[in-house]
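# Results of the structural survey
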Amino acid sequence: MNRRAFTLIELMVAFFIAMLVYMTFSRVFRSSGYQIEKGTRMLELQTLLDAVEHSLREDVRRLRKVELSTEETPNRFCFQMYSRDEVVRVEYEYSAAEKAILRKELSSSEPLTKRIAAGHIDNCVFAAVLEDGRFKRLDLAMSLSVDSNLDTADRTVSIAAHFTSRCNEPYKPWLATP
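Residues numbered from 1 in each chain as written. Predicted model: local features only at pLDDT ≥ 70, side-chain atom pairs only at ≥ 80, totals over all residues. Heavy atoms only, no water.

### Overview of unusual backbone geometry
In this model, Lys 99 sits at a positive phi of 50 degrees, which is unusual for a non-glycine residue. With respect to the helices, strands and loops of the structure, Lys 99 is situated in the loop between strand E3 (86-95) and strand E4 (100-105). Of note, the phi angle at Ala 117 is positive, near 55 degrees, even though the residue is not glycine. In this structure, Ala 117 sits in the loop between strand E5 (112-116) and strand E6 (121-131). (Helix = DSSP H or I, 4+ residues; strand = E, 2+ residues; numbered from the N terminus.)

This is the structure:
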């Protein structure tokens, strides 16, 4: 018997095996893509969180005097700090419209404003903890989010952080500048 072609059954079996292999690889690649997207979003959230934390930590470490209590305005914190042997007035304010924390240096002739994590902060609250008029710590509660094509819970992160410093001067609300 001289056969030059495959039978229909042989073709169907080969096609079925090829489809199984294709489906297996397709699931592996889809799962890999999902994990890469998830990891990218987590890395982006961590980078945004680090930017906020680094800026606040560096400024609060050099804190000299608290100027504005956070009890009346929990989305704003104002203080004086040392910077290169001079006193600089700094204000942190959460802007809901920009979904960012605005860091303003108000002491120089031209105020400098830096937007931190613009477009990604859903909510932010500052709480300056004072003890006997002296600064004890700054508490921060914040919620960050990033855009994602995937429906995962990894698009948002909420944190609570504490920043401490050895403040040189007590807080006197009657002398605070607005």
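### A closer look at the packing of aromatic side chains
How two aromatic rings sit relative to each other is set out by the distance from centre to centre and by the angle between their planes. One pass over the full model with this rule turns up five aromatic pairs. Ring geometry for Phe 25 against Phe 29: centres 6.4 Å apart, planes inclined by 25 degrees, an arrangement best described as stacked. Taken as a pair, Phe 25 and Phe 29 lie in helix H1 (residues 8-61) at a separation of four residues, close to a single helical turn. Between the aromatic rings of Tyr 92 and Phe 126, the centroid separation amounts to 6.5 Å while the plane-to-plane angle is 55 degrees, which identifies the pairing as tilted. Residue Tyr 92 is found in strand E3, and its partner Phe 126 is found in strand E6; the two are separated by 34 residues along the sequence. (Phe/Tyr/Trp six-rings, centres within 6.5 Å; stacked < 30°, edge-to-face > 60°.)

### A closer look at the pattern of salt bridges
Enumeration according to the criterion identifies 15 salt bridges in this entry. A salt bridge links Glu 44 to Arg 41, with the nearest nitrogen and oxygen atoms 2.9 Å apart. Of this pair, Glu 44 and Arg 41 both sit in helix H1, three residues apart, which is roughly one turn of that helix. The partner of Glu 91 in a salt bridge is Arg 76, and the shortest N-O contact between them spans 3.1 Å. Placement of the pair is Glu 91 in strand E3 and Arg 76 in strand E2 (residues 76-83), with a sequence separation of 15 residues. There is no split in this pair, since Glu 91 and Arg 76 are both buried. Through salt bridges with shared partners, a single network forms among Glu 53, Arg 57, Glu 58 and Arg 61. (Salt bridge = Lys/Arg side-chain N within 4 Å of Asp/Glu carboxyl O. Buried < 20%, exposed > 50% of the residue type's maximum accessible area, 1.4 Å probe, protein only.)

### A few points about the pairing of E6
Side chains on a regular strand alternate between the two faces of the sheet. Relative to strand E7 (residues 134-145), E6 is paired through 10 bridges, and the arrangement is antiparallel. Bridged to Cys 124 within E7 is Met 142. (Pairing = 2+ DSSP bridges.)

### Comments concerning the sheet that holds strand E8 (residues 156-164)
If you walk across this open sheet you meet the three strands as E6-E7-E8, and the pairing is antiparallel. Single-partner strands in this sheet number two, and they are E6 and E8. Along the sheet, successive strands turn relative to each other by an average axial angle of 10 degrees, direction set aside. Bridging between E7 and E8 involves nine bridges; their strand directions are antiparallel. For Met 142, the partnering residue across the bridge sits in E8 and is Ile 159. Along the sheet, H1 makes contact with E6, E7 and E8, crossing E7 at roughly 165 degrees. (Axes fitted to C-alpha atoms, helices over the stretch in contact; angles between N-to-C directions. Contact = heavy atoms within 4.5 Å.)

### Some thoughts on the sheet that holds E3
The strand order E1-E2-E3-E4-E5 describes an open sheet built from five strands, whose pairing is antiparallel. Two strands close off the open sheet at either side, each with one partner strand: strand E1 (63-68) and E5. Sheet twist, expressed as the mean angle between neighbouring strand axes with direction ignored, is 25 degrees. Relative to E3, E2 is paired through eight bridges, and the arrangement is antiparallel. Counted as the bridge partner of Phe 77 is Tyr 92 from E3.

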